[in-house]
Amino acid sequence: MTINIGETVFSGTGRFCRISTAVVLLAIAGCSSTNIEGATPVATAEGPKDTGTYPNLNVPPQVAAEQFTEAEKNAKLAQLKADEQGQGSKGGAVKVTNPATLNALAKQHGPDTLKQIGANCDPALDPDCK
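The following refers to the structure shown. (Residues numbered from 1 in each chain as written. Predicted model: local features only at pLDDT ≥ 70, side-chain atom pairs only at ≥ 80, totals over all residues. Heavy atoms only, no water.)

## A short note on the overall build of the protein chain
- Along its length, the protein chain carries 3 helices and 0 strands.
- Along the protein chain, from the amino end to the carboxyl end, the secondary structure elements read α-α-α.
- Looking at the 130 residues of the protein chain, the share that counts as buried comes to 1%.
- About 12,900 Å² of surface is accessible on the protein chain, with carbon and sulfur atoms providing 61% of the total. (Helix = DSSP H or I, 4+ residues; strand = E, 2+ residues; numbered from the N terminus. Buried < 20%, exposed > 50% of the residue type's maximum accessible area, 1.4 Å probe, protein only. Areas by Shrake-Rupley, 256 points an atom, 1.4 Å probe, with all protein chains shown as cover.)

Here it is, written out as structure tokens:
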């Protein structure tokens, strides 16, 4: 009796393992491919090369472009200064440094702004509009 129970348990487990292994192997085989069209090429052997010598750091490198002369530098700086001055304030703002005058301007500015806003009010939206 004991032999029959052990045989049933172990043979069922063995069957399950064999089926699972077969499913896994089929899945792996389905994922592999031998088609190499459209594959990206492997990087070529570009990069540092051993020439067997040390680089000579005393040789000045070649420049990519000709350098500005002193006159060209001064002309470009003058053009930049002129452009900077042209971008400044156009003089539309009030230029006052007296604190009393600035306080008076602040007291007058609020009511003047409210009058401008009130002149454009819509009676349909604001019942207090006059």
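Next comes the rest of the description.
## Side note on the pattern of salt bridges
- Summed over the entire model, instances satisfying the criterion amount to 1 salt bridge.
- The closest approach of N and O atoms between Lys73 and Glu70, which form a salt bridge, is 3.0 Å. Residue Lys73 and its partner Glu70 are both found in helix H2 (residues 70-86); the two are separated by 3 residues, about one turn of the helix.
- Accessibility expressed as a relative area gives 39% for Lys73, which makes it partly exposed. (Salt bridge = Lys/Arg side-chain N within 4 Å of Asp/Glu carboxyl O.)

## Observations concerning a nonpolar patch on the surface
- On the surface, Val24, Leu25 and Ile28 cluster together into a nonpolar patch covering about 300 Å² of accessible area.
- Within the element layout of this structure, Ile28 appears in helix H1 (residues 2-31).
- Accessibility expressed as a relative area gives 54% for Ile28, which makes it exposed. (Patch = residues over 30% accessible without salt bridge, like charges linked within 9 Å, V, L, I, M, F, W, Y side chains within 5 Å.)

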